[in-house]
Amino acid sequence: MTAIAILNGRLIDPAAGVDAAKDILFKDGRVAEIAGPDKLKNKNGAEILDASGLVIAPGLIDIHVHLREPGQGYKETIATGTAAAAAGGFTAVAAMPNTIPVNDSPEITRWMQSPERGASVRVFPIAAATRGSKGDALTDFAALKAAGAVAVTDDGKPILKDSVMRETLAAAARAGLTVIQHAEDTRLTQGASMNLGPVSFKLGLRGMPAEAESSLVERDIRLVAELRDAHPHLHVAHTSTAGALAAIRQARRNGLRVTCEVAPHHFLLTEEHVGFYNTHAKMNPPLRSPADRDAMIEGILDGVVDAIATDHAPHAMHEKEIEFENAPNGIIGLETSLGLCLRWLNNQWRMPLGRVLSLLSAQPAALLGLKGRGTLAVGSFADAVVFDPKAEWTYRATESLSKAKNTPFDGWTMQGKVRWTISEGRIAYAA
Amino acid sequence: MTPAAHAVRRPLLTPPVPASPFPYHPGSLLSITDLTVEDVSRLLARATELESEDPLLRDRVLAKRRIALLFYESSTRTRTSFELAAKALGADTTLISSLSSSIEKGESLKDTGLTLRALGAEAIILRHNSSGAPWLLEEATRLPVINAGDGMHQHPTQALLDLRTILAHLRRGIAEVGPESLTGVTITIVGDILHSRVARSNMLLLPRLGARVLLCGPKELLTRQAAAAGPGIAIERDFDSALRQSQIVMMLRIQAERLSGLQLDLDEYKAAYQLTGQRLAAHAPTAVVLHPGPIIRGLEITAGVADGPQSAILEQVTNGVAIRMAVVERALLAEAQRGPA
């Protein structure tokens, strides 16, 4: 495998506490050497990338994406989804199990990671917690982990039964896996297509109350507390309500292993962005009230939020060009996450660049126990993103490498242009 | 902990809320809020003029223009009055209903709209069971679209014909309105507010003319969010108290087809919210009673009240034709009158 030397850049590696002018050498898929400017010893024969004026950071990690394979290749494939990931600076994505069939077996878990899928970056499957994600019988966590699964979840079909959730948390703790919950008490959200509030009333749409999320998070935390001695790890997916975040904050104070992620759309947009029935603003959990959105920003800035994750959810054009209440939930997000985080978290709200990058790499890697990722320390995987932190650009959905174009951020100004994405020592994307 | 406890302490700039996503056709009527008070006044004036015009002259206003009525829900009043209104202006109309068309075979609203446009439709009148469907149709076809009722959202021509009926009964002149035309007037809307597009359209129109709107109904059918829909709207759960304050009472049907699992005790409901002759005599002996129909006699209203001297229910129906003539005319002539958007 050829070597790559990235010269003249600013290396930011939050996990290693590095933010300095450094050259870096990748060899055999790993970080081989880091040295001050012009000080690399072993760069002879390496492909040289000139990163003058650019930031070199650990490759970004998105722990919540839907790649639609197996079963729905017309929406997205592992190849197209990971191509979009690479374009967005991501070198690893964790793929949700709501495929067809549901990824509840070691066979499908392995199938998703096979080189034949043509992935541009590393795919970490998240397996179903129950067979068929039906919420009844648990899957074989140890076998799934051995096949490469990094967590279990019934994402989109939350585990409502207390007994099943308790069993899931206990079994996952024994297997050393994280349990990810899409927190929604679906008994409170029948027929609803947006957040419950003044906007849903005005638009004549049935609403999902914030309590549908917060009450299930509270229930899950209660179960984690009961199982305290077994040290289960609960991760709350796409947190969207102030109530849920407050419960997570309190659980952490109580010493429980409860983590959470927030999606860019939930810290940027509100129910008002549904506008005139824009199906590109329809997702689950829905865009919430301004107070909820503000709570997400606050949680990110004060550190209770552990990761930014996009919930990249591609759909075919024709599926979104229908009546709002009939349209499927979800938006794509892999190519806009970095640009939105830099523009808003860093530039607008003054979160230090290193902390923003940590939420997009070091912290999600730690959360799912992805060894050798989320850092550029010598010996770790040669997963990196090289970007121009100052460059402003306009996102055009039509130019997306994803098969899908369903995004509310079409035409938005982004900050930070990806120049190269390097996945395990290979250039996965070059602008 | 309350959400406010974690609200951002310093004011942060956040992304702006989007404005209207595309320029509507100036002839479209998607929401009652698309109309300014001046627009409403103009439509009322035209309704009156067109109503009294010689039918042979009126016939030339939209002679041979092509209008499609696209109905995804059953309808008696709205469909017939739109059809009669369009025909009175000389237009050719065609009716497409979901049960006797390719909609049954799974054709999308977008494709149905594009097909109608290709067939020469110059405007589409849409009744649909999904809120917001008119936006989808307008975006796909860029034709003037008239919302004839979309899900739980709006029914703008119903609000206009209700307004004409109210003005006639208050003797305030039916051909012109301004921001104070209904000052001092209280209108109570009673019943299944949650599922009612008629309620939403009226509560967003009448306060802009100075009226106070009281919403009355049980918690299951009238959530507190309703009062935040706009200015001039308040909730009064006690029917008798609302009646005592009102010059106009608008009764609504319980929309059984939209209850989606909600269980209601109908005896309890009738005891609290049925408009009976006794209740009307005791609390609102001079109020005008409206109902957009269909009426379920013996449920929200007794037969005696529906047929009684205070009822203006059939006048509403008659006013529907006049109002819809003005709205259909606007759909096809607005562009010519206003110039390119």
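Residues numbered from 1 in each chain as written. Chains lettered and ligands numbered in written order. Predicted model: local features only at pLDDT ≥ 70, side-chain atom pairs only at ≥ 80, totals over all residues.

This part takes up the overall build of chain B. Across its full length, chain B holds twelve helices and nine strands. At 21 Å, chain B has a C-alpha radius of gyration in line with the 20 Å of a compact globule built from 341 residues. Along the first, second and third principal axes, the C-alpha set of chain B runs to 60 × 55 × 45 Å. Out of the 341 residues belonging to chain B, those deemed buried represent 46%. Taking the contacts inside chain B whose residues are at least 6 apart along the sequence as the reference set, 77% of them involve residues at least 24 apart. (Helix = DSSP H or I, 4+ residues; strand = E, 2+ residues; numbered from the N terminus. Rg over C-alpha atoms; globule rule 2.2 N^0.38 Å. Buried ≥ 20, exposed ≤ 12 C-beta atoms within 10 Å, placed from the backbone. Contact = placed C-beta atoms within 7 Å.)

A few words on the overall build of chain A. Each helix and strand in chain A was counted, giving 13 helices and 19 strands. Relative to the 2.2 N^0.38 estimate, which gives 22 Å for 431 residues, the radius of gyration of chain A is 21 Å and therefore close to what a compact globule would have. Counting only C-alpha atoms, chain A reaches 65 × 45 × 40 Å along its principal axes. For chain A, the residues scored as buried account for 62% of the 431 residues in total. Across chain A, the fraction of contacts at a sequence separation of at least 24, relative to all contacts at a separation of at least 6, is 74%.

Buried accessible area, meaning the area lost when the parts come together, often serves as the stated size of an interface. Residue and element names in this part refer to chain B. Segmenting chain B into domains produces domain 1 (32–154 + 319–332) and domain 2 (156–314). Contributions of two or more residues to the side of domain 1 that touches domain 2 are made by helix 1 (37–52), strand 4 (145–150) and helix 12 (313–338). Counting residues per element, the side of domain 1 that touches domain 2 draws most heavily on helix 1, at eight residues. (Domains from an automatic or database assignment.)

What follows concerns the environment of Ile159 of chain A. All names here are of chain A. Relative to the assigned elements, Ile159 resides in the loop between strand 10 (151–153) and helix 4 (162–175). Separated by 73 residues in sequence, Ile159 and Ala86 place their C-alpha atoms 32 Å apart. When neighbours within four sequence positions are excluded, Ile159 is seen to be in contact with Ala129, Thr130, Gly135, Asp154, Val164, Met165, Thr168 and Gln181.

Residue and element names in this part refer to chain A. Strand order in the open sheet made by the six strands is 9-10-11-14-15-16, with parallel pairing throughout. The sheet is open, and its two edges are formed by strand 9 (127–128) and strand 16 (307–308), each paired on a single side. Here strand 14 (residues 234–236) runs beside strand 15 (residues 258–262); their pairing, made up of three bridges, is parallel. Pairing of Leu234 across the sheet is with Val258, part of strand 15. Along the sheet face, helix 4 touches strand 10, strand 11 (178–181) and strand 14 and points at about 145° away from the line of strand 11. Lying over the sheet, helix 7 (residues 242–253) contacts strand 14 and strand 15, oriented at roughly 145° with respect to strand 15. (Pairing = 2+ DSSP bridges. Axes fitted to C-alpha atoms, helices over the stretch in contact; angles between N-to-C directions.)

Listed per partner, the contact involves 35 residues of chain A and 34 residues of chain B. Those elements that place two or more of their residues in the side of chain A that touches chain B are helix 5 (198–203), helix 7 and helix 9 (290–302) of chain A. No other element matches the six residues that helix 9 of chain A contributes to the side of chain A that touches chain B. By residue class, the composition of the side of chain A that touches chain B is 17 nonpolar, ten polar and eight charged. (Nonpolar A, V, L, I, M, F, W, Y, C, P; charged D, E, K, R; others polar.)

In summary, the side chains of a regular strand alternate between the two faces of the sheet. Burial of strand 7 (residues 90–95) of chain A is extensive: six of the six residues sit out of reach of the surface. As a crossover connection, the stretch from strand 6 (residues 60–65) of chain A through helix 1 (residues 78–87) of chain A into strand 7 of chain A is right-handed. (Right-handed = clockwise from strand over helix to strand, strands pointing away.)

To continue, consider the sheet that holds strand 6 (residues 212–216) of chain B. All names here are of chain B. A sheet is described by the order of its strands in space; here five strands give the open sequence 7-6-5-8-9, paired in parallel fashion. The strands lining the two open edges of the sheet, one partner per strand, are strand 7 (233–235) and strand 9 (288–290). For this sheet the average axis-to-axis angle between neighbouring strands, irrespective of direction, equals 25°. Judged from the five bridges that link them, strand 5 (residues 186–190) and strand 6 form a sheet pairing that is parallel. Along strand 6, the bridge assignment pairs Val190 with Cys216.

Next up on the list: helix 6 (residues 210–226) of chain A. Note on helix geometry: an α-helix contains 3.6 residues per turn, so any two residues three or four positions apart are oriented the same way. Taking 1.5 Å as the rise per residue, helix 6 of chain A with 17 residues should run 24 Å; its terminal C-alpha atoms sit 25 Å apart, in good agreement. Those residues of helix 6 of chain A lying buried are Ala210, Ala212, Glu213, Ser214, Leu216, Val217, Asp220, Ile221 and Val224 of chain A. (Expected span 1.5 Å × (residues − 1).)

Residue and element names in this part refer to chain B. Confidence along chain B averages 92 in pLDDT terms, with 94% of residues attaining 70 or more. Of the regions scoring below 50 in pLDDT, residues 1–6 engages in twelve contacts with residues more than four places distant in sequence or in other chains. Scored as a whole, the predicted complex attains pTM 0.94, and scored at its interfaces, ipTM 0.92. (pLDDT = per-residue confidence, 0-100.)

Here the focus is the packing of helix 6 (residues 156–170) of chain B against helix 7 (residues 197–205) of chain B. How two helices pack is summed up by the angle between their axes together with the distance between the axes. All names here are of chain B. Interaxial distance between helix 6 and helix 7 falls to 8 Å at its minimum, and their mutual angle equals 60°. By the angle between their directions, the pair helix 6 and helix 7 is classed as oblique. Considering only the axes of helix 6 and helix 7, their crossing is right-handed. Of the residues in helix 7, those touching helix 6 at Pro156, Gln158, Ala159, Asp162 and Leu163 are Val198, Ser201, Asn202 and Leu205. (Parallel < 35°, antiparallel > 145°, perpendicular 65-115°, else oblique. Left-handed = near helix turned anticlockwise from the far one by under 90°.)

Before going further, it helps to spend a moment on the pairing of strand 2 (residues 92–97) of chain B. Residue and element names in this part refer to chain B. In this sheet, strand 2 lies alongside strand 1 (residues 66–71) in parallel orientation, the contact comprising six bridges. When the bridges of strand 2 are listed, Phe71 appears paired with Ser97. Running through helix 3 (residues 77–88), the crossover from strand 1 to the neighbouring parallel element strand 2 is right-handed.

Turning next to the environment of Ala199 of chain B. Residue and element names in this part refer to chain B. Looking at where Ala199 falls in the secondary structure, it is placed in helix 7. The exposure class of Ala199 is buried, given the 29 C-beta atoms found within 10 Å. Distance from Ala199 to Thr33, taken between C-alpha atoms, is 13 Å for residues 166 residues apart in sequence. In this view, Ala199 contacts Ile189, Ile193 and Leu252; residues no more than four positions away in its chain are not counted.

Here we come to the nonpolar core. Core analysis: the biggest nonpolar cluster contains 239 residues, and Val152 of chain A together with Ile124, Ile189 and Val249 of chain B have the highest contact counts within it. Counting residues per element, this core draws most heavily on helix 12 of chain B, at ten residues. Setting aside anything within four residues of it in sequence, one finds Ile124 of chain B in contact with Ala68, Leu70, Gly113, Leu116, Leu137, Thr141, Leu143 and Val145 of chain B. (Core = buried A, V, L, I, M, F, W, Y, C linked by C-beta atoms within 7 Å.)

Let us now look at the environment of His231 of chain A. Residue and element names in this part refer to chain A. Relative to the helices and strands, His231 resides in the loop between helix 6 and strand 14. Accessibility expressed as a C-beta count within 10 Å gives 12 for His231, which makes it exposed. Taking C-alpha positions, His231 is 37 Å from Ala83, a pair spaced 148 residues apart along the chain. Filtering out sequence-adjacent residues up to four positions away, His231 remains in contact with Ala173 and Arg257.

Glancing now at the domain arrangement of chain A. Residue and element names in this part refer to chain A. When its domains are assigned, chain A resolves into domain 1 (4–56 + 382–390 + 415–430) and domain 2 (59–368). Placing the centre of domain 1 and that of domain 2 at their C-alpha centroids yields a distance of 30 Å. With 17 residues of domain 1 at the contact, the number on the domain 2 side is 21 residues. Looking at the side of domain 1 that touches domain 2, the elements that each hand over two or more residues are strand 17 (384–394), strand 18 (413–423) and strand 19 (426–430). Considering every element that reaches the side of domain 1 that touches domain 2, the biggest residue donor is strand 18, with five residues. Taken together, the residues that form the side of domain 1 that touches domain 2 break down as ten nonpolar, four polar and three charged.

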